[in-house]
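In case you want the letters, here they are:
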Amino acid sequence: MTVRFFNFAAESQDYMAAVRQAIDDTISSGQFILGPKLQAFETAFAEYIGVNHCLGVSNGLDAIRLILKALQIDEHAEVIVPAHTFIASWLPVSDLGAKIIPVEPDDQDYNINPAALEQAITERTKAIMVVHLYGAPANMSAIRAVADRHQLPVIEDAAQAQGAKCEGAMAGSMGLAGAFSFYPTKNLGALGDAGAITTNDQALYSRLLKLRNYGSVVKYQHDMPGLNCRLDEIQAAVLLEKLTYLESKNQQRNQIAGQFLQNIKNPLLRLPQQVSGHVWHQFVVRVTDRQAFMNHLQNQGVESMIHYPVPPHLSGAYQKEYGDSHLPLTEQICQQVVSLPIYPGLSEQEIQQVIAACNSFQEPL
Ligand SMILES: Cc1ncc(COP(=O)(O)O)c(C=O)c1O
């Protein structure tokens, strides 16, 4: 039996009937854009995250782009971003013409290193972006202390961290604004592209409402040049239904992670740090001979993936401008990381198969 890296049928078993019904109801309503399902989801998600406002948007990248645009980030600005992240954290910054200032991660939790972050601040810095990578909350008290000292807004890229907590506060509630992706494989996933922005800032929220809808909140009254980045009614209905399962799904991930952490015992593998409030979007191990390890997993019937094989600064998109950046830890991490299957619906037998495959890996002769 092969343990799949992600198995939608297994993950969706318990909620699929309710989701189909919610889609059906939405179709019958005849309302597909900016309607009651979106409003209901926004209210529910804002309450879940513990913020005053939530806006459903088209996807996670657009969520970040809208926040940066609302903050009037432009070609004169520098934005600090984690060097080790999915490229979507970088793309909206360069799209607005701003300079990306990549900062190395912490070697333990893989999130932005607060000390290195402070050194990267200049008089042109206009915002700090943190990413709660793999579902592990970043060290927000240290990051916020730096941001407060320099009076800079913090944007949380919480695309991988729905439900993650840092000292009791939800990811997406600890900065000026949080950006979420509901890509289908996320802890809270739509059945297509979807995203959201969370904030407590009323003025920012008002700007964002217009920016996501052609610069308008009153039909045919356009107060600013905006975009079309709305979350549609069908995806909102799906997310509203699935939100009720998120806590129990995160608990299942946490339980699987606990089994891995307790039972994977192989000196060749470096296991992830067990940070409190982690929601285990990915379970990422480090290994020196990655190809040999992945071949071994495959031979043992365990699928694996790499998040991410190429850091943004060495990708084709940024190589020319950022290829010479001195980011040795980011590069080392990208050469060593392997993600194991972790999702609700993984059976006990599959969990044991992953553990056994990890434990039987030996250094090739
Ligand atoms: C850290 C991070 N930021 C941003 C995004 C972008 O989200 P989306 O795919 O919804 O545009 C992702 C998506 O995978 C992500 O992992």
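Criteria and thresholds
Residues numbered from 1 in each chain as written. Predicted model: local features only at pLDDT ≥ 70, side-chain atom pairs only at ≥ 80, totals over all residues. Heavy atoms only, no water. Helix = DSSP H or I, 4+ residues; strand = E, 2+ residues; numbered from the N terminus. Rg over C-alpha atoms; globule rule 2.2 N^0.38 Å. Buried < 20%, exposed > 50% of the residue type's maximum accessible area, 1.4 Å probe, protein only. Contact = heavy atoms within 4.5 Å. Areas by Shrake-Rupley, 256 points an atom, 1.4 Å probe, with all protein chains shown as cover. Lys, Arg positive; Asp, Glu negative; His and termini not counted. Charge placed at Lys NZ, Arg CZ, Asp CG, Glu CD. Near = heavy atom within 4 Å. Polar contact = N/O pair within 3.5 Å; in protein donor to acceptor, adjacent residues only side chain to side chain. 1 Å grid on protein atoms, 1.4 Å probe; cavity = no way out; pocket = protein on both sides within 12 Å on 5 of 7 lines; lining within 4 Å. Sits in = over half its atoms within 2 Å of the grid points. Domains from an automatic or database assignment. Buried area = accessible area lost by both parts, 1.4 Å probe. Salt bridge = Lys/Arg side-chain N within 4 Å of Asp/Glu carboxyl O. Pairing = 2+ DSSP bridges. Axes fitted to C-alpha atoms, helices over the stretch in contact; angles between N-to-C directions. Left-handed = near helix turned anticlockwise from the far one by under 90°. Points joined across faces, edges and corners; volume = space filled by probe spheres on them. Nonpolar A, V, L, I, M, F, W, Y, C, P; charged D, E, K, R; others polar.

1. A closer look at the overall build of the protein chain
Along the protein chain, the regular secondary structure elements total 14 helices and eleven strands. The C-alpha radius of gyration computed for the protein chain amounts to 21 Å, which stays within 12% of the reference 21 Å derived for 365 residues, consistent with globular compactness. In terms of its C-alpha atoms, the protein chain occupies a principal-axis envelope of roughly 70 × 55 × 35 Å. Within the protein chain, the proportion of its 365 residues that are buried is 56%. In the protein chain, the proportion of contacts linking residues at least 24 apart, taken out of those at least 6 apart, comes to 70%. Carbon and sulfur atoms make up 49% of the accessible area of the protein chain, which totals about 15400 Å². Positive and negative side-chain charges of the protein chain, numbering 25 and 36 respectively, have mean locations separated by a distance of 3 Å.

2. Quick notes on the site of the ligand
Around the ligand, 13 residues are found, and the nearest of them are Gly-60, Asp-157, Gln-160, Ser-181 and Lys-186. The backbone of Leu-61 places a nitrogen or oxygen atom 3.0 Å from an oxygen atom of the ligand. Between the ligand and the protein, one listed contact pairs a nitrogen atom with a side-chain N or O atom of Asp-157 at 2.7 Å. In isolation the ligand offers 390 Å² of accessible surface; the protein chains occlude 90% of this area. In this structure, the ligand is accommodated by the largest pocket.

3. Observations concerning the side chain of Gln-235
With respect to the helices, strands and loops of the structure, Gln-235 is situated in helix α9 (residues 233–243). Of the polar contacts made by the side chain of Gln-235, one reaches the backbone nitrogen of Leu-191; its length is 2.9 Å. Residues contacting Gln-235, with those up to four places away along its chain left out, are Ala-190, Leu-191, Gly-192, Asp-193 and Ala-194.

4. Quick notes on the domain arrangement of the protein chain
Where interface size is given, it is often the accessible area lost as the parts come together that is meant. By domain assignment, the protein chain separates into domain 1 (8–243) and domain 2 (246–359). With centres defined by C-alpha atoms, the gap from domain 1 to domain 2 works out at 24 Å. The interface of domain 1 with domain 2 comprises 41 residues on the first partner and 35 residues on the second. Taking both sides of the interface into account, the surface hidden between domain 1 and domain 2 amounts to around 3300 Å²; carbon and sulfur atoms contribute 57%. Summed over the three residues of domain 1 that lose the most area to domain 2, namely Tyr-110, Tyr-134 and Asn-187, the buried surface amounts to 21% of that side. Counting across the interface, domain 1 meets domain 2 through three salt bridges.

5. Examining the sheet that holds strand β8 (residues 177–181)
If you walk across this open sheet you meet the seven strands as β1-β9-β8-β5-β4-β2-β3, and the pairing is mixed. The sheet is open, and its two borders are formed by β1 (53–57) and β3 (99–103), each paired with just one other strand. Across the sheet, the mean angle separating the axes of adjacent strands is 20 degrees when strand polarity is ignored. Pairing geometry for strand β5 (residues 154–157) and β8, over three bridges, is parallel. The residue bridging Ile-155 from the neighbouring strand is Ala-177, located in β8. Each of β4 (125–131) and β5 touches helix α7 (residues 140–149); the most contacted strand, β5, lies at about 150 degrees to it. Its contacts with the sheet place helix α8 (residues 202–211) against β1, β8 and β9 (195–199), and it is angled at close to 20 degrees to β1.

6. What about the packing of helix α2 (residues 16–29) against α9?
Two elements in contact, α2 and α9, have axes separated by 9 Å at closest approach and are oriented at 145 degrees. Regarding α2 and α9, the two cross each other, and that crossing is right-handed. Between α2 and α9, the contacting residues are Ala-18, Val-19, Ala-22, Ile-23, Thr-26 and Ile-27 on the first element and Glu-233, Ile-234, Ala-237, Val-238, Glu-241 and Lys-242 on the second.

7. Digging into empty space enclosed by the protein
Summed over the entire model, instances satisfying the criterion amount to two cavities of 30 Å³ or more. Approximately 90 Å³ is the volume attributed to the largest cavity. Along the walls of the largest cavity sit 14 residues, with Tyr-110, Tyr-134, Ala-136, Pro-272 and His-278 positioned nearest its centre. Partitioning the lining of the largest cavity into residue classes produces nine nonpolar, four polar and one charged. Counting contributing residues per domain, the lining of the largest cavity is built from domain 1 (8–243) and domain 2 (246–359), each supplying no fewer than three. One number sums up the size of the second largest cavity: a volume of about 40 Å³. Lining the second largest cavity, in full, are Glu-11, Tyr-15, Asn-187, Leu-188, Lys-242, Tyr-245, Leu-246 and Lys-249.

8. With respect to the pattern of salt bridges
Any two side chains of opposite charge can pair, so long as their charged atoms come close to each other. Throughout the structure, instances matching the rule amount to eight salt bridges. Between Arg-212 and Glu-42 there is a salt bridge, with its nearest N and O atoms 2.9 Å apart. Of this pair, Arg-212 sits in the loop between α8 and α9 while Glu-42 sits in helix α3 (residues 36–49), placing them 170 residues apart in sequence. In this structure, Arg-212 and Glu-42 share a single accessibility class: buried.

9. Details of the pairing of strand β2 (residues 78–82)
If a strand is regular, its side chains alternate between the two faces of the sheet. Of all five residues in β2, five are buried, a share of seventy percent or more. Judged from the five bridges that link them, β2 and β3 form a sheet pairing that is parallel. Residue pairing for β3: Val-79 is matched across the bridge by Ile-100. Bridge count for β2 against β4 is three bridges, and the pairing is parallel. Its bridge partner being in β4, Ile-80 is matched across the sheet by Ile-128.

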